[in-house]
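One-letter residues, chain by chain:
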Amino acid sequence: MDLDAIQQIFFQECEEGLAAMEGNFAQLRDGDRDSETINGVFRCVHSIKGGAGAFGHERLQAYTHQYETLLDLIRNGTLELTPALLDVVVGAFDVLADHVAAARDGDTPPADAAMLERLMAAAGGDTAPAAAKAAAPAAAPVVAISDDFDDLMSMLGDVAQSEDGADAANGWRLRFAPGAKAFEHGAEPLLLLRELTMLGGKVTTCDRAELPTLEAIEPECGYLAWDVSLPASVAEDDIRAVFEFGDPSVITLTRGDAEPAMAEDSVDALFDLLDSVAAPAAIVEEPTPPPPAPAPAPAPAPVAVAEPVEEKAAPRSAAPSPAAAPAAQTIRVDLDKLDRLVNLVGELVITQAMLAQRLAENQMGGISELSDLEHLTRELQESTMAIRAQPMKTVFSRVPRIIRELEGETGKRVRLDIEGEMTEVDKTVVERIGEPLTHLIRNAVDHGLEMPDVRVANGKSAEGVVRLSAAHQSGRIVITVADDGQGINRARVKAKAIEKGIILPDAVLSEEEIDNLIFAPGFSTAAAITNVSGRGVGMDVVRKNIQALGGRIGIQSREGFGSSFSLSLPLTLAVLDGMIVTVGDQTFVIPLSHIVESLRPDEVALSRLGPDGTLLDVRGAYVPVLRIADYLGIDGAERNATDAVLIVVEGDHGQAALLVDTIQDQRQVVVKSLEANYQAIDGVAGATILGDGRVALIADVDALTSRGGRFVSRSALAA
Amino acid sequence: MAKTIMTVDDSPSMRMLLRVALTDLGYSVVEAEDGVHALEKLDGFQPDLLITDINMPRMDGFGLISEVRGQGRRSLPILVLTTESSDEKKQRARDAGATGWIVKPFHPEKLAAAIRRVLH
């Protein structure tokens, strides 16, 4: 695993952290002052800061440092979280998200000077120490991490080769007296002596003056002190660093004339060292393996280092030992691998269907192994799909920020209600729903909600409401974006559609048809462009994006009371339950989710309407009959409705009765994209491979019903 | 036998960084996500060194250290991961019962040095 891969994990964490912060902010806005809530925010920022440092994102690190400073003051109670302060904290979040995105994409970091100033001002407002802290340079110097860790090993080698202390003249004299706390908290003075030896130091004397009688010895106390001489070439910082964890008072370091005591003290030092080694080894609670005898002073061996080096030489494959198994209860999987799994399972479903058919042809369709296989395949498929499922939360958590920006841009006041954010849906859907959803939300605030004064004048609360919800509904996910604004001004929409040449001036349209005009290509152009929603993307693009996901978009609006857009999307794009039907020499799949009922009509239920229109009476409601054969130009299909089967389907534009020859079967099919393999065809949503290896087209019920619906409404109007 | 180091950090990327660095140094690594999780793993198991983050959900690093020390594991070396190298923070770590600290972001060299100074 290289650093880049770890960095990717870091950015995923950032995303999760940012999402969690949004949640915490929502609670804080609602007046929640639970310490765990503000702690959660602090921890997220803190983690991002840590990673930013590790991966060398200095600007991000500097920014998070300042952010963290303020949050720390809030969480420890120094600052009270007033609404004004919360605004600063939440405002700083947006810049943080930009920082993270910039670091991830390698872009220029956002301009954060103003926000840093606000953070400093907020942190320094009440407390002098905080102000001093804030005035300090924001970023600690960052040490870039090299791509591999091998330099570490070479560094160890360098140390081992450092001078052996022959140039002791004018060298360092060090007194090391660990004292009462010598072994406190797991410390081990021996290790420090070893390290000094590695730096070229020699123990000149071991002072045993403090050593009490045996019965008076406290096992965790240090009674020995050592004098060590080190070569002059060793940097003072390097010597002091050895003792960084101890109380500074345990060492006295002086640079002085080294006494010419080298000759005999190498032997003395060895004995002293052995003494010192023996003492702690005897008194620590756990058995310590006998320490390796230190090498004679003139050529000190890097004793402390020897172990890791040797272990490193052990076979690499053994390194991640079973004991090192990951502790996490979740694992992160490359999406490509998951896609491959989904595809393979899809192929398995097809193969299983083929096998079933072959067995049936040989009068073996009833064997129990086959139904077991079917059952297992289905479960495998569902489990695989569940791996890809993600809560809508990942998308919804970005919405509060969008709303805040919109409030700033439009001067409107918005309350956001979110429901069903834990609703799970396929990752592809989660990923691709963001953009259309953002557009709908911008629309709701920009076009839907009125300015606060207008609202008040109309007897509404000054604060507009945008409701965002997600729920599972009969095998699909339904996402709703609703506002309590002015609703669609149908007169204006119609006038504009006429002006754009989308409809004829004398067209008579139902309210629903007028509402749906906003999805017409070319409708939202110049005149509708504002800073907020007019970003060159019209509602037609939104609808296309939704349709590309196998979804439908519907609109309900009441003038003066608001609008509601509902998106209905499949939970997964890879499989669907379908009814297999025959039309002429072709086989079709009709998605089961669209089917209301199927029936063989009698003459009485059918009424002729115009030269080629037929209506089916379904218990009093009239549904247009649609001949798939005519629609797609298929020969040899049944013409006579009473000899055929009618399948009543429900789509975006109401119901229609599809006329087919026979129903073959009902089963799950794996969707293969027609666009990817051939080209898009109106009325066909995709294709699948049947058990006998033939390709069947999947009917696009929405496209079909829109044809039927329009046909009928026009005919009805004509009649 | 490779010495075993337990790392405790709620951030997967930080755990991963430590794992890579420590494995390269020849150590075995056992990971935990927070103090509570670490205590579960420490039940009946003694690593040669414990490296823990401070800010974690459920039980933070200081809480973990005081539990571990309270269990009588007084000679287990413990390093805390800290983002600040101020004397105040260091004193706090020492008071809490840590043997030493590693200042994040850590250079592998610094990490090795810190371990060298505490790992028996």
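About the cut-offs
- Residues numbered from 1 in each chain as written.
- Chains lettered and ligands numbered in written order.
- Predicted model: local features only at pLDDT ≥ 70, side-chain atom pairs only at ≥ 80, totals over all residues.
- Heavy atoms only, no water.
- Helix = DSSP H or I, 4+ residues; strand = E, 2+ residues; numbered from the N terminus.
- Buried < 20%, exposed > 50% of the residue type's maximum accessible area, 1.4 Å probe, protein only.
- Contact = heavy atoms within 4.5 Å.
- Areas by Shrake-Rupley, 256 points an atom, 1.4 Å probe, with all protein chains shown as cover.
- Pairing = 2+ DSSP bridges.
- Axes fitted to C-alpha atoms, helices over the stretch in contact; angles between N-to-C directions.
- Core = buried A, V, L, I, M, F, W, Y, C linked by side-chain atoms within 4.5 Å.
- Disulfide = S-S within 2.5 Å.
- Parallel < 35°, antiparallel > 145°, perpendicular 65-115°, else oblique.
- Left-handed = near helix turned anticlockwise from the far one by under 90°.
- Nonpolar A, V, L, I, M, F, W, Y, C, P; charged D, E, K, R; others polar.
- Expected span 1.5 Å × (residues − 1).
- Arc of directions from axis to C-beta.
- pLDDT = per-residue confidence, 0-100.

A. The arrangement of the overall build of chain B in detail. Helices and strands together make up the secondary structure of chain B, namely five helices and five strands. Reading the secondary structure of chain B in the N-to-C direction produces β-α-β-α-β-α-β-α-β-α. Classification of the 120 residues of chain B by burial places 68% in the buried group. Once local pairs closer than 6 in sequence are excluded, the contacts in chain B between residues at least 24 apart make up 62%.

B. Representation of the overall build of chain A within the structure. Check the secondary structure of chain A and you find 23 helices and 22 strands. Taking all 719 residues of chain A together, the buried fraction comes to 46%. Long-range contacts, defined as pairs at least 24 residues apart, comprise 71% of the intrachain contacts of chain A with a sequence gap of at least 6. Put simply, chain A shows about 35,100 Å² of open surface, and 54% of that area lies on carbon and sulfur atoms.

C. The arrangement of the sheet that holds strand β10 (residues 552-558) of chain A in detail. All names here are of chain A. What the five strands build is an open sheet, ordered β6-β8-β9-β11-β10; its pairing is mixed. Lying at the two open borders of the sheet, with one neighbouring strand each, are β6 (414-419) and β10. Averaged over all pairs of adjacent strands, the angle between their axes in this sheet comes to 15 degrees, without regard to strand direction. Direction of pairing for strand β9 (residues 476-483) relative to strand β11 (residues 562-570): antiparallel, over a ladder of seven bridges.

D. Expanded view of the nonpolar core. Membership of the largest hydrophobic core comes to 88 residues, with the highest contact counts inside it found for M21(A), Y67(A), L70(A), L96(A), L22(B) and I115(B). If you look at the next biggest cluster of nonpolar residues, it comprises 43 residues, including L468(A), V542(A), I555(A) and L567(A).

E. Layout of the state of the cysteines. For the structure on display, the rule yields zero disulfides over all chains. Unpaired in terms of disulfides, C14(A) finds its nearest cysteine sulfur in C44(A), a separation of 9.7 Å.

F. Broad picture of the packing of helix α12 (residues 335-361) of chain A against helix α13 (residues 368-388) of chain A. Residue and element names in this part refer to chain A. It is the contact of α12 with α13, at a shortest axis distance of 10 Å, that shows an interaxial angle of 160 degrees. Of the possible angle classes, the one that applies to α12 and α13 is roughly antiparallel. Viewed along their axes, α12 and α13 form a crossing whose handedness is left-handed. Between α12 and α13, the contacting residues are L335, L338, D339, L341, V342, V345, L348, V349, Q352, L355, A356 and L359 on the first element and L370, L373, E374, T377, L380, Q381, T384, M385, I387 and R388 on the second. A breakdown of the residues in the contact of α12 with α13 according to their chemical character gives 15 nonpolar, four polar and three charged.

G. Quick look at α13(A). All names here are of chain A. Taking 1.5 Å per residue as the helical rise, α13 with its 21 residues ought to reach 30 Å, and the 31 Å between its terminal C-alpha atoms agrees with that figure. Burial in α13 covers these residues: L370, T377, Q381, T384, M385 and R388. Mapping the buried residues of α13 onto a view down its axis gives an arc of 100 degrees, with all of them on the same face. Across α13 from its buried face, at more than 90 degrees, point the exposed residues E369 and L376. In this structure, the buried residues of α13 make contact with α12, β5 (389-391), β7 (424-426), α16 (427-448), β12 (575-583) and β20 (662-670).

H. Molecular detail of the confidence of the model for chain A. All names here are of chain A. When pLDDT is averaged along chain A, the result is 76; 78% of the residues meet or exceed 70. Across chain A, the element-wise mean pLDDT spans from 40 in helix α11 (residues 303-313) up to 92 in β6. Segment residues 126-168: pLDDT under 50, and 69 contacts once partners within four positions in sequence are set aside and those in other chains are kept. Predicted confidence for residues 709-719 stays below pLDDT 50, and this span has seven contacts to residues more than four positions away or in other chains.

I. Expanded view of the side chain of R43(A). With respect to the helices, strands and loops of the structure, R43(A) is situated in helix α2 (residues 35-54). With near-sequence residues (within four places) excluded, R43(A) lies in contact with E36(A), D10(B), N55(B), M56(B) and P57(B).

J. Structural detail: the confidence of the model for chain B. Looking at chain B, the pLDDT average stands at 87 and 99% of residues meet or exceed 70. Per the prediction output, this complex has pTM 0.43; the corresponding ipTM is 0.83.

K. Main features of the environment of G26(B). With respect to the helices and strands, G26(B) occurs in the loop between α1 (12-24) and β2 (28-32). Separated by 24 residues in sequence, G26(B) and A2(B) have C-alpha atoms that sit 6.7 Å apart.

L. How the structure looks around the sheet that holds β2(B). Residues and elements named next belong to chain B. In space, the five strands of this open sheet follow the order β2-β1-β3-β4-β5, with parallel pairing throughout. The open sheet terminates on both sides in strands that have one partner only, identified here as β2 and β5 (100-103). Averaged over neighbouring strand pairs, the angle between their axes works out to 25 degrees when direction is ignored. Taken together, the four bridges between strand β4 (residues 78-82) and β5 define a ladder with parallel strand orientation. Its bridge partner being in β5, L81 is matched across the sheet by I102.

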